[in-house]
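The primary structure of each chain is shown beneath.
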Amino acid sequence: MSISAPLPRDLDATGWLLGARHLPSPNCDARPEGAAIELIVIHNISLPPGVFDGDAVIDLFTNRLDWDAHPYYHGIRGLEVSAHFFIRRDGSLIQFVPCALRAWHAGASSWQGRERCNDFSIGIELEGSDDLPFTEVQYATLIPLLATLKTAYPIQAVVGHSDIAPGRKTDPGPHFAWHRLDAHTA
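Just so we're clear, the structure is a prediction, and the values are computed from it rather than from any experiment.

Enquirer: Where do I start with the sheet that holds strand β9 (residues 121–127) in this structure?
Expert: The pairing of strands in a sheet comes from backbone hydrogen bonds and takes either a parallel or an antiparallel form. The strand order across the open sheet built from 6 strands is β1-β5-β4-β9-β3-β10, with neighbouring strands paired in mixed fashion. Looking at which strands have only one partner, the edges of the open sheet turn out to be β1 (21–22) and β10 (157–160). Pairing of β1 with strand β5 (residues 93–95), which is carried by 2 bridges, proceeds in the parallel orientation. The residue of β5 that forms the bridge with H22 is Q95. The strands that helix α2 (residues 136–152) touches are β3 (39–45), β4 (85–87), β5, β9 and β10; relative to β9, the one it contacts most, it runs at about 175°.

Shown next, in the form of structure tokens:
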């Protein structure tokens, strides 16, 4: 289920988006006092890598992942991460953290000389990998979500995880169609 053109009124006072499925993550905390939300960071994720069905990403973000369910999980055991939003391959939208709080999505990061991007950003995870294009319905959900966020907050840029953590991160990867965002989110 993709969302249709959300509007700023679709965000409540704490930044929960009406129409999204809400699955609160414990992996968040308060933003620094006075921190404005100025950046949106696009990521990709699949667990195990390249697998797009199941609830492993949801389980990771809600600290319920069975670390013994797949050999890959041993390498990320104990990881506590989240994102504000997760867009599945079918376009469905899940929100883990309200926008007013700091989600733990960017890790060690820097944007225009400012460290700790989690402090002033919103993280959006797309179910995917660096190796494959994203789906049409993912863009159909992402584009109106970005428009809503850019209307509600003083967003200065939409960047990839690779832009704020170069050399450490590669997502959203070479198949992400940045040009698709230009006409809709400028």
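Having put the structure on the table, let's press on.
Enquirer: Honestly, the pattern of salt bridges in this entry has me stumped. Any pointers?
Expert: Working definition: two side chains of opposite charge can pair if their charged atoms are close together. Applying the stated rule across the entire model yields 9 salt bridges. Between R88 and D55 there is a salt bridge, with its nearest N and O atoms 3.4 Å apart. Linking R88 in the loop between β4 and β5 with D55 in the loop between β3 and α1 (56–61), this pair joins segments that are 33 residues apart in sequence. The class of R88 is buried, set by a relative accessible area of 12%. For D55, a relative accessible area of 45% puts it in the partly exposed group. D119 is paired through a salt bridge with R102; the nearest N and O atoms lie 2.5 Å apart. Here R102 lies in strand β6 (residues 101–103) and D119 lies in the loop between β8 (114–115) and β9, a separation of 17 residues in the sequence. Both residues of the pair, D119 and R102, belong to the buried class.

Enquirer: When you look at the confidence of the model for the protein chain in this model, what are you seeing that I'm missing?
Expert: Close inspection of predicted coordinates is inappropriate for parts of the model with low pLDDT. Counting all residues, the mean pLDDT for the protein chain is 93, and 93% of those residues have values of 70 or more. Contacts for the low-pLDDT stretch residues 1–5, under 50 throughout, to residues beyond four places or in other chains number 17 contacts.

Enquirer: How should I be thinking about the side chain of H84 in this particular structure?
Expert: Following the sequence through the fold, H84 ends up in the loop between α1 and β4. Polar contacts involving the side chain of H84 include one to the main-chain amide nitrogen of G123, which spans 3.0 Å.

Enquirer: Quick question: what am I supposed to make of the pairing of β3 here?
Expert: With 7 of its 7 residues buried, β3 lies for the most part within the structure. Burial along β3 is two-sided: L39, V41, H43 and I45 and I40, I42 and N44, pointing in opposite directions, are all buried. Bridge count for β3 against β9 is 7 bridges, and the pairing is parallel. Bridged to V41 within β9 is G123. Pairing of β3 with β10 involves 4 bridges; the strand directions are parallel. Paired with V41 across the bridge in β10 is V159.

Enquirer: I'm lost on the layout of surface pockets in this one. Help?
Expert: Vacant regions in the atomic arrangement are exposed by a probe of water-molecule size rolled over the atoms. For the largest pocket, the calculated volume is near 570 Å³. Counting residues per element, the ones that place at least two in the lining of the largest pocket are β3 and α1. Considering each element in turn, the lining of the largest pocket owes the most residues, 3 residues, to β3. Here the residues of the lining of the largest pocket are counted per class, giving 11 nonpolar, 12 polar and 5 charged.

Enquirer: Please explain α2 as it appears in this structure.
Expert: If you check α2, its first and last C-alpha atoms are 25 Å apart, about what 17 residues at 1.5 Å a residue would give, namely 24 Å. Regarding α2, the residues found buried are Q138, Y139, T141, L142, I143, P144, L145, L146, T148 and L149.

Scoring rules and cut-offs
Residues numbered from 1 in each chain as written. Predicted model: local features only at pLDDT ≥ 70, side-chain atom pairs only at ≥ 80, totals over all residues. Heavy atoms only, no water. Pairing = 2+ DSSP bridges. Helix = DSSP H or I, 4+ residues; strand = E, 2+ residues; numbered from the N terminus. Contact = heavy atoms within 4.5 Å. Axes fitted to C-alpha atoms, helices over the stretch in contact; angles between N-to-C directions. Salt bridge = Lys/Arg side-chain N within 4 Å of Asp/Glu carboxyl O. Buried < 20%, exposed > 50% of the residue type's maximum accessible area, 1.4 Å probe, protein only. pLDDT = per-residue confidence, 0-100. Polar contact = N/O pair within 3.5 Å; in protein donor to acceptor, adjacent residues only side chain to side chain. 1 Å grid on protein atoms, 1.4 Å probe; cavity = no way out; pocket = protein on both sides within 12 Å on 5 of 7 lines; lining within 4 Å. Points joined across faces, edges and corners; volume = space filled by probe spheres on them. Nonpolar A, V, L, I, M, F, W, Y, C, P; charged D, E, K, R; others polar. Expected span 1.5 Å × (residues − 1).

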